[in-house]
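Descriptive structure summary
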Amino acid sequence: MTSSPCSRATTTRPLLVDLEARRPIDVLPGREAETVARWLGGHPEVEIICRDRASAYAEAARAAAPQAVQIADVWHLWNNLTKAVERTLTSHYACIRAGHEATRQPDEETAVPPPDGTLDVNGRPRRIVGRIRERHRRVHELLAQGRSLQGISRDLDLDYYAVRRYAQTPDVDQLLVKVTQRRTLLDDHKPYLYERFTQGCRNASQLFREVRDQGFRGDRTVVNRYIRQLKQGIETASPPPAMPKPRRALRWVMTHPDRLRPHEVIGLKAVRAACPELDTAVEHVRTFATLMHDRRGGDVLDWIEQVHDSDLPSLQQFACGLLHDQDAVIAGLSSTWSSGQVEGQVTRVKLIKRSGYGRAKLDLLRTRILLRT
């Protein structure tokens, strides 16, 4: 049981799939608990309900199908954990930055400081940075006045979820991390370009061909600009290894250790050494991954206790969510059932919807979805 876009682009409808027959059996008009419970009440033969983490589905299953075993889909569990780890990395990004600066060589102290992510290439303040700071200030001012998130969304003409993100982030610097720490395609090739430049090769076209053969996928003008900076003395030292942005560090943390490349292993080791909390978070992720792989759902309660003993608010919030859905989580981590095939059905539903140019209403779409099976 999951939600799929079955009418307007902003509306999702529950898609019910028979996992044994591998075909859709119904499309409900709404995802409210009452709607789902009404359908389940008319189908007492249901024995297993594999669903995502939506609370409405859990509530409906408990009320209308107490005989059924609820199973929380493992992909959604892993996805929820990923989001919690991303928030953890963002909140501790200052530790990653400090650890990165500490690894620089002593003779690099006189080098040109790394570029300020709040400025553009011409040294002027970036508009997006000022816009984020202003929106964050306005949202928290209105919150202090007692306004609701929906009211703030209307007043500032912002998406509701954007307002919620601003409201849930007390420090604006956490919002600016992804904006100010963006990497470029040339970052991984700058040390090589600097080395070749100091060896006497000043031909930007030649250097572009060399880095292109090494896998650089950017434009020639990017290399030309960097070589011009070297000639003008704007860049006077070999650039240090680029500091990983949160999304890249997140990929290192969530990837199986055996599948990491050598330079990724070094990068993850630096992230773990930068902060004891991040090192603990990595251990929690790997333990949870082992539980999923070995289908040891009964051990998840011990994992939750370990998370509560650590100083990681985002992971603690994730662990509390697991406790609220404890039986379904344990079943999901212990069972072979999952909603994987449902995602394939959702893709097919999107194709059917687009073939009607998005003009068909729910009754016609429901008929086409069910008849096509």
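Structure report, in brief. This structure is a prediction, so every number in the text was calculated from the model and none was measured.

**Thoughts on the pattern of salt bridges**
- As enumerated under the stated definition, the model contains 14 salt bridges in all.
- With a closest N to O distance of 3.9 Å, Asp325 and Arg53 form a salt bridge. Of this pair, Asp325 sits in the loop between helix H16 (313-324) and helix H17 (326-334) while Arg53 sits in the loop between strand S4 (48-51) and helix H2 (55-64), and the two are 272 residues apart along the sequence.
- Exposure remark for Asp325: the relative accessible area of 10% places this residue in the buried category.
- Residue Arg53 is classed as partly exposed on the basis of its relative accessible area, which comes to 22%.
- Notably, a salt bridge pairs Arg296 with Asp299, separated by 2.5 Å at the nearest N-O pair.
- Of the residues examined, Arg296 reaches a relative accessible area of 33% and is grouped as partly exposed.
- What emerges from the salt-bridge pattern is a single network uniting Glu134, Arg137, Arg138 and Glu141.

**Thoughts on the nonpolar core**
- Of all hydrophobic cores here, the largest spans 37 residues; its most connected members are Val85, Trp303 and Leu322.
- Counting residues per element, the ones that place at least two in this core are helix H3 (74-91), helix H4 (93-102), helix H12 (246-254), helix H13 (262-274), helix H14 (276-294), helix H15 (300-308), H16 and H17.
- Top element by residues in this core is H14. It accounts for six residues.
- With residues near it in sequence (within four places) discarded, Leu322 still touches Arg53, Leu77, Phe288, Val300, Trp303, Ile304 and Val329.

Parameters at a glance
Residues numbered from 1 in each chain as written. Predicted model: local features only at pLDDT ≥ 70, side-chain atom pairs only at ≥ 80, totals over all residues. Heavy atoms only, no water. Salt bridge = Lys/Arg side-chain N within 4 Å of Asp/Glu carboxyl O. Helix = DSSP H or I, 4+ residues; strand = E, 2+ residues; numbered from the N terminus. Buried < 20%, exposed > 50% of the residue type's maximum accessible area, 1.4 Å probe, protein only. Core = buried A, V, L, I, M, F, W, Y, C linked by side-chain atoms within 4.5 Å. Contact = heavy atoms within 4.5 Å.

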